Amino acid sequence: MIDNYQIAAIVHGDDQVVDSCFHEDGKMLVAATKDSIQLIDSLSGEAKKKVHTKTHGNRHLAYTHHEQCILASSRKTNNDIRYLSMFDNRYLRFFKVTSLAMCPVDDCFLSSSIDRQICLWSLATPSPVARLTLPDNYEDPRVAYTHDGLLFGVMAKNSSTGSSCIRLYDARNYEQGPFLQLRPSSQQLHRALSSANPHLDADLVQRCVTSSWRSFSFNPDGTRALVNTAAGMLISLDAYEKDVDPIVCFAEENKSSLELGCCFTPDSKHVLAGTEDKCVRVFDPQTGLPLGLLPGQHAAPVTSVCCNPKYEVIASSGINTMLWLKSSLFSNGTTGNLTSSGN
């Protein structure tokens with residue numbers, strides 16, 4: 001059970017974390033603030049290295065297949081995506097885009113930009129390998145791969161209707177266009193939120209239903225997409241049937257401008273959601289009902305949550321990054337040398 005986890009290490013930071021992710025082998029974690037990137041050993045809880053990035057700033061991170069190389073999108077200058085070697089603190093290449101998703105199976109990655117361009121890149125070349133252009137009425141796109149790399153999704157807002165959707169593509173035949181669009185109606189969202197949270201007043205429900213979609217990801221088996229909204233509401237969508245009603249998880253109303261973290265657990269049985277009140281809440285993705293929270297509290301709102309793909313470790317970040325292990329690992333003496341680490 002997810003409530004059997006407890007804090008195994010705290011890696012202290014000096015500013016709000018904007019994004020974090022594990023390497024595919026599960027041994028390393030990177031966490032970025034707006035001006036720095038920290039490399040953390042996820043098995044020992046030790047902060048290994050800190051790279052300052054004040055010139056470019058950071059918005060999103062994606063690990064490449066090399067544990068010392070990452071992609072980081074800028075919040076300054078020209079919205080570059082930088083291919084960064086953490087080993088020698090060197091930028092290997094620049095890509096001018098705004099959001100990104102690393103392909104799980106090769107050295108390609110996707111990006112989206114405010115000019116509605118979806119680009120496929122190779123780490124080996126500075127120019128796009130392929131390019132898709134969204135319709136004129138789509139804005140603020142975001143991209144994500146399924147964990148097997150066979151599908152990718154593009155989330156965008158329709159400026160004509162004010163609603164958002166996720167367009168699903170076959171990664172091997174993306175030229176054919178999307179094969180499915182996930183677009184829950186406001187009536188479906190209203191019904192799902194009200195049924196799982198009957199205590200919410202009508203005004204709050206309406207704010208949640210009409211709130212903007214900020215990011216999304218897929219569960220490990222690719223059957224559901226998790227949408228993170230600006231209002232503290234998470235939307236779990238069936239990735240194969242557009243007519244299936246969405247499942248809505250509501251942590252608490254997000255009154256800040258921060259993008260809070262969320263993710264599926266590796267077994268897809270739980271959704272973890274960072275909150276403005278500095279906690280990580282746990283939900284059932286089949287019902288949207290709350291199941292509790294992880295037993296500890298951050299010093300700041302939780303803006304990133306991710307699960308280790310290989311080991312039973314959860315990382316959550318506000319200003320500090322907490323690493324969580326199952327309680328049974330403590331009693332069995334198998335925690336390695338997880339400790340509290342400073343800067």
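You'll find the structure just up there.
Cut-offs and rules
Residues numbered from 1 in each chain as written. Predicted model: local features only at pLDDT ≥ 70, side-chain atom pairs only at ≥ 80, totals over all residues. Heavy atoms only, no water. Disulfide = S-S within 2.5 Å. Buried < 20%, exposed > 50% of the residue type's maximum accessible area, 1.4 Å probe, protein only. Phe/Tyr/Trp six-rings, centres within 6.5 Å; stacked < 30°, edge-to-face > 60°. Lys NZ or Arg CZ within 6 Å of the ring centre and 35° of its normal. Core = buried A, V, L, I, M, F, W, Y, C linked by side-chain atoms within 4.5 Å. Helix = DSSP H or I, 4+ residues; strand = E, 2+ residues; numbered from the N terminus. Pairing = 2+ DSSP bridges. Axes fitted to C-alpha atoms, helices over the stretch in contact; angles between N-to-C directions. Arc of directions from axis to C-beta. Contact = heavy atoms within 4.5 Å. Polar contact = N/O pair within 3.5 Å; in protein donor to acceptor, adjacent residues only side chain to side chain.

Time to look at the state of the cysteines. Summed over the entire model, instances satisfying the criterion amount to zero disulfides. Summary of cysteine pairing: Cys307 is not part of a disulfide, and the nearest cysteine sulfur, belonging to Cys263, is at 3.9 Å. Judged by its relative accessible area of 17%, Cys307 falls in the buried class.

This paragraph deals with the packing of aromatic side chains. Think of a pair of aromatic rings as described by two things: how far the centres are apart, and how the planes are tilted against each other in angle. Enumeration according to the criterion identifies four aromatic pairs in this entry. Summarising the aromatic geometry, the rings of Tyr145 and Phe152 are spaced 6.1 Å apart at their centres and angled 70 degrees between planes, so their arrangement reads as edge-to-face. On the basis of relative accessibility, which here comes to 11%, the residue Tyr145 falls in the buried class. Geometrically, the ring pair formed by Phe216 and Phe218 is edge-to-face, given 5.7 Å between the ring centres and 75 degrees between the ring planes. You can call Phe218 buried: its relative accessible area is 5%. Pairwise contacts between aromatic rings join Tyr145, Phe152 and Tyr169 into one cluster. Sitting over the face of the ring of Tyr138, Arg167 holds its NZ or CZ atom 5.2 Å from the ring centroid.

This brings us to the nonpolar core. Ranked by size, the top nonpolar core spans 26 residues in total, and within it Ile166, Leu193 and Val227 carry the most contacts. Of all the secondary-structure elements, those providing two or more residues to this core are strand E16 (164–170), strand E17 (180–182), helix H1 (186–196), helix H2 (202–209), strand E18 (213–218), strand E19 (224–229), strand E20 (233–238) and strand E21 (247–250). Of the residues forming this core, the biggest block, four residues, is contributed by H2.

With that settled, consider the sheet that holds strand E24 (residues 280–283). An order of E22-E23-E24-E25 is seen for the four strands of this open sheet, with the pairing classed as antiparallel. The strands lining the two open edges of the sheet, one partner per strand, are strand E22 (262–264) and strand E25 (290–293). Sheet twist, expressed as the mean angle between neighbouring strand axes with direction ignored, is 20 degrees. One ladder, built from four bridges, connects strand E23 (residues 271–274) with E24; its direction is antiparallel. Counterpart to Val271 in the pairing with E24 is Phe283.

Before going further, it helps to spend a moment on H2. Since there are 3.6 residues in each turn of an α-helix, residues three or four apart along the chain are aligned in direction. Of all the positions in H2, only Leu204, Val205, Cys208 and Val209 are classed as buried. Buried residues along H2 cover an arc of 135 degrees about the axis, so they all sit on one side. Within H2, the exposed residues directed more than 90 degrees away from the buried face are Ala202 and Asp203. Residues of H2 that are buried in the fold lie against H1, E20 and E21. Here H2 starts with a cap whose side-chain oxygen sits 3.0 Å from the backbone nitrogen of Asp203, and that cap is Asp201.

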